[in-house]
Structures are given as structure tokens and as C-alpha cells.
Amino acid sequence: MNSRQLITILQKRVTLHVVFWLVWALALGMGYVGKSYPLTFLLANYLGVMVLYFLWVNTSLYIIYDKLITRRRLLPALLAFVGLLVLFTNANAWLYNVSNSEGKTISFQNFLAMYVFLAAFAMALKAGRAAYLVLYREMQAKEELLRQKEYFLRSQIHPHFLFNTLNNFYGLALEKADTLPGLMLRLSNILRHQIYHSESEYILLEKEIDYLKDYIELEKIRHSDNLRFVFSFPQQVPPTLYVPPAVMIVFLENAFKHSSHVAGNLVEITGHIKIENDRLFFYLENTFPQRPPATGNNPGGIGLKNVVKRLELYGNDTNKLDMGVAGNRYIVKLEMKLKQHEKV
């Protein structure tokens, strides 16, 4: 039974009550197995006592616990508990005494321990159930908040990328309008990927790599002879590996953007993606202008900031990111844990 099934059961109060009373009825009935008692005695001391137990437990739960204890009205709760305890134990003793054909009598004190145990056990179950449900809902709320935050951060990346690409198209429309159809087809593939594949928490690594290749080809056409690009992909990608979407694309996008600002207009980018078991290693190095990257409120820093925040949401213990400038090079080293699913 998984946690979701357990929560479903806990949320069904009727189911819990039925299970509880069936178990209790069987336990009580075991005391009469193999023994010969008059019918009136059985009716009074089995069915009659079960009715008393039922009324006592529900009174304890829904009046003493719900109406008094949970509202911190402890003195009224204590008084009500003692008064009802005396009432129910006397009723139990009366049922025994009037149905006993041998003339034996028994005091209500003989039933005190059982009634106290029943009430305490039922209240403990109710309090435990309530505490577990509260904890579960808090965990669900936190997970939903993380999902919404991660979705929000990712949704910021898409317009950011589109903004840069349309700016590129504008320049090409002025200079090389004949290359626009091919670039628009590449962009169509990229946008299709973003719409249909990147809203999941994880995506097939194969699809994400195809997405990166489309973007790279788009940039290679744009930079033409001014690009020195060497980037290697895995020759074979296991079809069962999944990766967080829209992470690596941001580093590639920034590499092309910043490299194009280098004096001499020579864009140099090298890097690779390697896979070792369930770990992905992404390395990227690009020429970098002699000025710091865009930060603060500058829109140019949105993509990188969001990736850092998203990786934090996925867990710093499973993902590692190092970024920094070395001379005129900007270097990114990223290590991510991949999810693995059985191939259907």
C-alpha cells in the first residue's frame, strides 16, 4: 500500500469505523467461543455491551474530544469524561447483573479499565489520524508550491529565449533575408518542443538533446563564418533516461550571446555532454568579453538566475553547478542526476 492509498483510506471516516468495530466485535466475541450461555445473557452481554461501547466511543470522540479537548476546555472535558464513564460502566454492570441467571452481581468498578482503555485508544487513533493528515497536506502544499515556483521560473525562460531569437531574426531580415525560412523551421521545432514537452518535471534525455541540436543549428546558421564551434554529444542515449527540461539550453543561449560581443566578432564555443550511469555531465566554454556578465535587474541575467533557482528546487545534493570566468573564457560545469524509467 502506497502513501496515496493510505491517505484515501484515512480520509474515509466510515471505512475506519467499520474496520474498527468489526475488529472489536470479533475480539469481544472470542470470549464466548466454546462456552454455553443462555440467549438472554448473550444478547445483554454481547450485543448490549457492543451498543454501549459504540455509544461510549462516539461520545468520547465527537463530544469530549472534538468539542472540548481540541478547544482546550480541559476541565469541562475531564468532568464530562468522569460523569459519562460512571454512567456507561454502571449501565454495563446492570446489563450483566440482570441477565445473570446465577444471581451473581458485579460492580461498575470492574468495567472502568476497559472503558478508559477504549476511550483513550479511540482518541489516540483520531489524534494520530488528524496529525498524519495535517502533515500530509503540509507536504502536499509544499510540493505544489515548489511545482508552481519551478513552473513559473521555467515559463520565464521561454519568453527570454524567444526575445533573443526574434532579435536575431530582425538582424537577419535586414542582412540575410534569404536564410530566414530555414531558421524559422528550426524555431518552429524549438517552440513545438517547449509547448509539448517542456512542461513536465522531467523529459526524455533524447528529446532534450534533439532540442539542443536544433538550437545549435539555428545559431550556427546565424553566425556563419564567424563561429568556431566544437561540441560533442553522446553517440548513444539510453531511451530510459530523463532530465529536467530547459536547463542546458540557457547556458548555450548565453554562450552565443556573450561570445558575439567579443572584439573581432569571432565566436568560439567548445563543450560536451557525457553520460555516466544516471549522471549527466555538461561542460561549456566560450569566449567572453572583458566585462562582467549581465546581472542585477538587467533582463540579460534572467535565464541564468532562473536556472540556478530551478536546480536548487531539484536539490543541491543531486545537482552541481559551477560557473565562472577564466581569462577571456566563461566556463560552465554542470552535473545533474538523471531519472530512469523502464522502457515501455
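Residues numbered from 1 in each chain as written. Predicted model: local features only at pLDDT ≥ 70, side-chain atom pairs only at ≥ 80, totals over all residues. Heavy atoms only, no water.

(A) Representation of the overall build of the protein in the model. Looking only at helices and strands, one finds nine helices and eight strands in the protein. For the protein, buried positions account for 40% of its 344 residues. Counting only carbon and sulfur atoms, one obtains 60% of the accessible surface of the protein, whose full area is about 20,000 Å². (Helix = DSSP H or I, 4+ residues; strand = E, 2+ residues; numbered from the N terminus. Buried < 20%, exposed > 50% of the residue type's maximum accessible area, 1.4 Å probe, protein only. Areas by Shrake-Rupley, 256 points an atom, 1.4 Å probe, with all protein chains shown as cover.)

(B) A look at the sheet that holds strand S3 (residues 241-243). With antiparallel pairing, the three strands of this open sheet are ordered in space as S1-S3-S8. Looking at the sheet topology across the chains shown, the edges are occupied by strand S1 (203-204) and strand S8 (339-340). Sheet analysis places S1 next to S3, joined by two bridges and oriented antiparallel. Pairing of isoleucine 203 across the sheet is with valine 243, part of S3. (Pairing = 2+ DSSP bridges.)

(C) Expanded view of the environment of glycine 327. Inspection of the secondary structure assignment puts glycine 327 in the loop between strand S6 (320-326) and strand S7 (329-337). Placed 40 residues apart in sequence, glycine 327 and threonine 287 show a C-alpha to C-alpha distance of 9.1 Å.

(D) Examining the sheet that holds strand S4 (residues 267-276) more closely. If you walk across this open sheet you meet the five strands as S2-S4-S5-S7-S6, and the pairing is mixed. At either margin of the open sheet sits one strand with a lone partner, and together these are strand S2 (227-232) and S6. Ignoring strand direction, the axes of neighbouring strands in this sheet form an average angle of 5°. The pairing of strand S5 (residues 279-287) with S7 spans nine bridges and is antiparallel. Bridge pairing in S7 links asparagine 286 to tyrosine 330. (Axes fitted to C-alpha atoms, helices over the stretch in contact; angles between N-to-C directions.)

(E) How the structure looks around the packing of helix H3 (residues 39-69) against helix H4 (residues 74-99). As a packed pair, H3 and H4 sit with axes 10 Å apart at the nearest point and diverge in direction by 175°. Judged by the inter-axis angle, H3 sits roughly antiparallel to H4. A per-class count over the contact of H3 with H4 returns 21 nonpolar, six polar and no charged. (Parallel < 35°, antiparallel > 145°, perpendicular 65-115°, else oblique. Nonpolar A, V, L, I, M, F, W, Y, C, P; charged D, E, K, R; others polar.)

(F) Expanded view of the nonpolar core. In terms of nonpolar packing, the biggest core is built from 44 residues, with Phe251, Phe282 and Leu284 touching the most fellow members. Ignoring anything within four residues of it in the chain, the contact list for phenylalanine 282 reads Phe231, Met248, Phe251, Leu252, His272, Ile273, Val332, Lys333 and Leu334. Formed by 28 residues, the second largest nonpolar core is a distinct cluster that contains Trp24, Leu68, Phe111 and Ala122. (Core = buried A, V, L, I, M, F, W, Y, C linked by side-chain atoms within 4.5 Å. Contact = heavy atoms within 4.5 Å.)

(G) The arrangement of the pattern of salt bridges in detail. Under the definition given, this model contains seven salt bridges. Salt-bridge contacts for glutamate 268 lead to arginine 329; the nearest nitrogen and oxygen are separated by 3.2 Å. Of this pair, glutamate 268 sits in strand S4 while arginine 329 sits in strand S7, placing them 61 residues apart in sequence. Glutamate 335 serves as the salt-bridge partner of arginine 279, at 3.0 Å between the closest nitrogen and oxygen. With a gap of 56 residues between them, arginine 279 in strand S5 and glutamate 335 in strand S7 connect regions that are remote in the sequence. Per residue, the accessibility class of arginine 279 equals that of glutamate 335, and both read buried. Put simply, Arg228, Glu268, Glu285 and Arg329 are held in one network by salt bridges that share partners. (Salt bridge = Lys/Arg side-chain N within 4 Å of Asp/Glu carboxyl O.)

(H) Geometry of helix H6 (residues 180-196). With 17 residues, H6 should cover 24 Å at 1.5 Å per step; its first-to-last C-alpha distance of 24 Å lies within 8% of that length. All of the buried residues in H6 are Leu180, Leu183, Leu187, Ile190, His193 and Gln194. In a view along the axis of H6, the buried residues occupy a sector of 145°, so they form one face of it. Residues of H6 that are exposed and point over 90 degrees away from its buried face: Pro181, Leu185, Ile195 and Tyr196. (Expected span 1.5 Å × (residues − 1). Arc of directions from axis to C-beta.)

(I) Main features of the packing of aromatic side chains. Evaluation of the coordinates by the stated rule reveals twelve aromatic pairs. Judged by centre distance (5.4 Å) and plane angle (50°), the ring pair of tryptophan 56 and phenylalanine 81 falls under tilted. Highlighted residues: tryptophan 56 in helix H3 and phenylalanine 81 in helix H4, separated in sequence by 25 residues. Judged by its relative accessible area of 0%, tryptophan 56 falls in the buried class. (Phe/Tyr/Trp six-rings, centres within 6.5 Å; stacked < 30°, edge-to-face > 60°.)

(J) A look at the side chain of glutamate 268. In this structure glutamate 268 comes out as buried when scored by relative accessible area, which is 17%. For glutamate 268, the side chain forms a polar contact with the side chain of arginine 228, separated by 3.3 Å. (Polar contact = N/O pair within 3.5 Å; in protein donor to acceptor, adjacent residues only side chain to side chain.)

(K) Quick peek at empty space enclosed by the protein. This structure, assessed with the given rule, holds one cavity of 30 Å³ or more. Here the largest cavity is characterised by a volume of approximately 60 Å³. For the largest cavity, the full set of lining residues is Phe251, Asn254, Ala255, His258, Leu284, Asn286, Leu304, Tyr330 and Val332. Looking at the lining of the largest cavity, the elements that each hand over two or more residues are helix H8 (248-259), S5 and S7. Counting residues per element, the lining of the largest cavity draws most heavily on H8, which supplies four residues. In terms of residue class, the lining of the largest cavity is made up of six nonpolar, three polar and no charged. (1 Å grid on protein atoms, 1.4 Å probe; cavity = no way out; pocket = protein on both sides within 12 Å on 5 of 7 lines; lining within 4 Å. Points joined across faces, edges and corners; volume = space filled by probe spheres on them.)

(L) Broad picture of a nonpolar patch on the surface. On the surface, Leu75, Leu78, Leu79, Val82 and Val86 cluster together to form a nonpolar patch covering roughly 470 Å² of accessible area. Structurally, the position occupied by leucine 79 is in helix H4. (Patch = residues over 30% accessible without salt bridge, like charges linked within 9 Å, V, L, I, M, F, W, Y side chains within 5 Å.)

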